[in-house]
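Survey of secondary and tertiary structure
Below are the chains, spelled out letter by letter.
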Amino acid sequence: MPNDYFQFKQFTIRQDRCALKVGTDGMLLGAWTRYANALRILDIGTGTGVLALIAAQRNNRAVIDAVEIDREAMEQARENVAASPWPDRIRVHWADVRNWKPAEGYDLVLCNPPFFKGHLTSHDPRTALAKHEHALSLGQLVREADRFCNPHGRLCMIMPLDRLPELKSLTGANGFVLSRECLVSYRANKRPKRVLVELSHTFDLELMTAEMAVEREPGEYTLEYKALLRDLKLRF
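Residues numbered from 1 in each chain as written. Predicted model: local features only at pLDDT ≥ 70, side-chain atom pairs only at ≥ 80, totals over all residues. Heavy atoms only, no water.

**Focus: the packing of helix α5 (residues 138–148) against helix α6 (residues 164–171)**
Direction vectors running N to C along α5 and α6 enclose 40 degrees, while the axes themselves pass 10 Å from each other. Classified by the angle their axes make, α5 and α6 are oblique. In terms of crossing hand, the pair formed by α5 and α6 is right-handed. Here Leu138, Gly139 and Val142 of α5 come into contact with α6, specifically with Glu166, Leu167 and Leu170. Along the lines of polarity and charge, the residues of the contact of α5 with α6 split into four nonpolar, one polar and one charged. (Axes fitted to C-alpha atoms, helices over the stretch in contact; angles between N-to-C directions. Helix = DSSP H or I, 4+ residues; strand = E, 2+ residues; numbered from the N terminus. Parallel < 35°, antiparallel > 145°, perpendicular 65-115°, else oblique. Left-handed = near helix turned anticlockwise from the far one by under 90°. Contact = heavy atoms within 4.5 Å. Nonpolar A, V, L, I, M, F, W, Y, C, P; charged D, E, K, R; others polar.)

Below you can see the structure in the form of structure tokens.
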């Protein structure tokens with residue numbers, strides 16, 4: 001059973017009131033994303049606030065808006081931000097991102113989306129909202145990100161690998177091109193299950209591809225994974 005809190009090197013995440021706890025996917029996305037030159041960042045579906053807090057740690061100039069539709073999660077994210085070293089640079093909003101109208105555009109949009117589609121839905125409505133795409137489909141997410149991004153803005157997210165073809169079919173019509181992708185295996189020598197993606201509005205970029213594994217054996221993390229999270233996770 002997940003702990004009520006998750007301790008990072010520079011901040012603590014309280015998560016007892018959040019349906020989606022801190023996990024490998026969120027940490028991978030936060031650590032893999034490039035934050036250089038992103039002065040305005042948007043975290044869609046912030047949950048505990050973990051992505052917004054990683055962004056604040058990795059970019060000491062960025063102003064970050066974190067949007068969450070679930071009120072209890074939003075309140076806990078605000079508490080996590082208030083207890084962090086960067087409360088003056090992160091604003092947590094209780095809103096449905098589909099109806100949200102920020103005053104300015106963003107250089108970077110982050111999302112660990114509710115990506116399950118065609119799976120049995122959780123009986124808990126808050127968990128279903130966090131994990132399944134009933135309220136925010138992949139197509140809606142890409143369209144909203146296009147609306148929020150500046151002309152050279154980027155969208156970074158993590159998703160099941162089997163949905164990558166669907167994402168690629170959505171990019172061009174919504175002003176994006178796939179600029180980076182990284183296939184993720186939870187265990188070395190196993191098939192990839194997730195893909196980290198960066199979509200860009202800059203169409204002359206060459207696609208950068210990579211692969212990585214999280215563990216060599218149960219409890220034995222790969223050197224690549226540890227290097228990626230060294231400034232974030234305790235004992236790395």
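**Looking at the sheet that holds strand β10 (residues 208–217)**
Taking strand neighbours across the sheet as the criterion, the nine strands line up as β5-β4-β3-β6-β7-β9-β8-β10-β11 in an open arrangement whose pairing is mixed. Of all strands in the sheet, those bounded by a partner on one side alone are β5 (90–94) and β11 (220–221). Here strand β3 (residues 40–44) runs beside strand β6 (residues 106–111); their pairing, made up of four bridges, is parallel. Across the sheet, Ile44 pairs through a bridge with Cys111, a residue of β6. The strands touched by helix α3 (residues 71–82) are β4 (63–68) and β5; relative to β5, the strand with the most contacts, the crossing angle is about 165 degrees. (Pairing = 2+ DSSP bridges.)

**Focus on the pattern of salt bridges**
Under the counting rule described, the total for this entry stands at 15 salt bridges. The closest approach of N and O atoms between Asp65 and Arg91, which form a salt bridge, is 2.9 Å. You can see Asp65 sitting in strand β4 and its partner Arg91 sitting in strand β5, a full 26 residues away along the chain. Relative accessible area serves as the criterion here: at 3%, Asp65 is assigned to the buried category. Residue Arg91 is classed as partly exposed on the basis of its relative accessible area, which comes to 39%. When the shortest N-O distance is used, the salt bridge between Arg154 and Glu198 registers 3.0 Å. (Salt bridge = Lys/Arg side-chain N within 4 Å of Asp/Glu carboxyl O. Buried < 20%, exposed > 50% of the residue type's maximum accessible area, 1.4 Å probe, protein only.)

**Some points on the side chain of Asp43**
Position of Asp43 relative to the elements: it lies in strand β3. With no salt bridge to any partner, buried Asp43 finds its closest opposite charge in Arg78, at an N-O distance of 13 Å. Once residues lying within four places of it in the same chain are set aside, the contact partners of Asp43 are Leu51, Ala52, Asp65, Ala66, Val67 and Leu110. (Lys, Arg positive; Asp, Glu negative; His and termini not counted.)

**So, helix α2 (residues 50–58)**
Within α2, eight of the nine residues are buried, which leaves it mostly tucked inside the rest of the structure. The complete set of buried residues in α2 reads Val50, Leu51, Ala52, Leu53, Ile54, Ala55, Ala56 and Gln57.

**Describing the pairing of strand β8 (residues 177–187)**
Counting buried residues along β8, nine of its 11 residues qualify, which places the element largely inside the surrounding structure. Where β8 lies against strand β9 (residues 194–200), seven bridges are found, and the strand directions are antiparallel. In the strand pairing of β9, Arg180 is matched with Glu198. Linking two consecutive strands that pair antiparallel, namely β8 and β9, is a turn of six residues; a positive phi of about 70 degrees is found at Asn189 within it. The pairing of β8 with β10 spans seven bridges and is classified as parallel. When the sheet's bridge partners are listed, Arg187 is paired in β10 with Glu215.

**Here we look at the nonpolar core**
In this structure, Phe8, Ile41 and Ile90 are the most contacted members of the largest nonpolar core, which totals 42 residues. Looking at which element gives the most residues to this core, the answer is α2, with seven residues. Those residues within four positions of Phe8 in sequence are excluded, and the remaining contacts are Ile13, Val22, Met27, Val50, Leu232 and Leu234. Judged by nonpolar contacts, the second largest core, of 28 residues, contains Leu138, Met157, Met159 and Val195. (Core = buried A, V, L, I, M, F, W, Y, C linked by side-chain atoms within 4.5 Å.)

**As for the packing of aromatic side chains**
As enumerated under the stated definition, the model contains seven aromatic pairs in all. Pairing Phe11 with Trp86 gives two aromatic rings, centres 5.9 Å apart and planes at 70 degrees, and the pair type is edge-to-face. With Phe11 in the loop between β1 (5–7) and β2 (12–14) and Trp86 in the loop between α3 and β5, the pair connects residues that are 75 residues apart, well separated along the chain. In this structure, Phe11 and Trp86 share a single accessibility class: buried. One aromatic cluster is present, built from ring pairs that chain together Phe6, Phe8, Phe11 and Trp86. Arg40 extends its terminal NZ or CZ atom over the ring of Tyr106, reaching a point 4.4 Å from the ring centre. When the ring centre of Trp32 is taken as reference, the NZ or CZ atom of Arg180 above it lies at 3.8 Å. (Phe/Tyr/Trp six-rings, centres within 6.5 Å; stacked < 30°, edge-to-face > 60°. Lys NZ or Arg CZ within 6 Å of the ring centre and 35° of its normal.)

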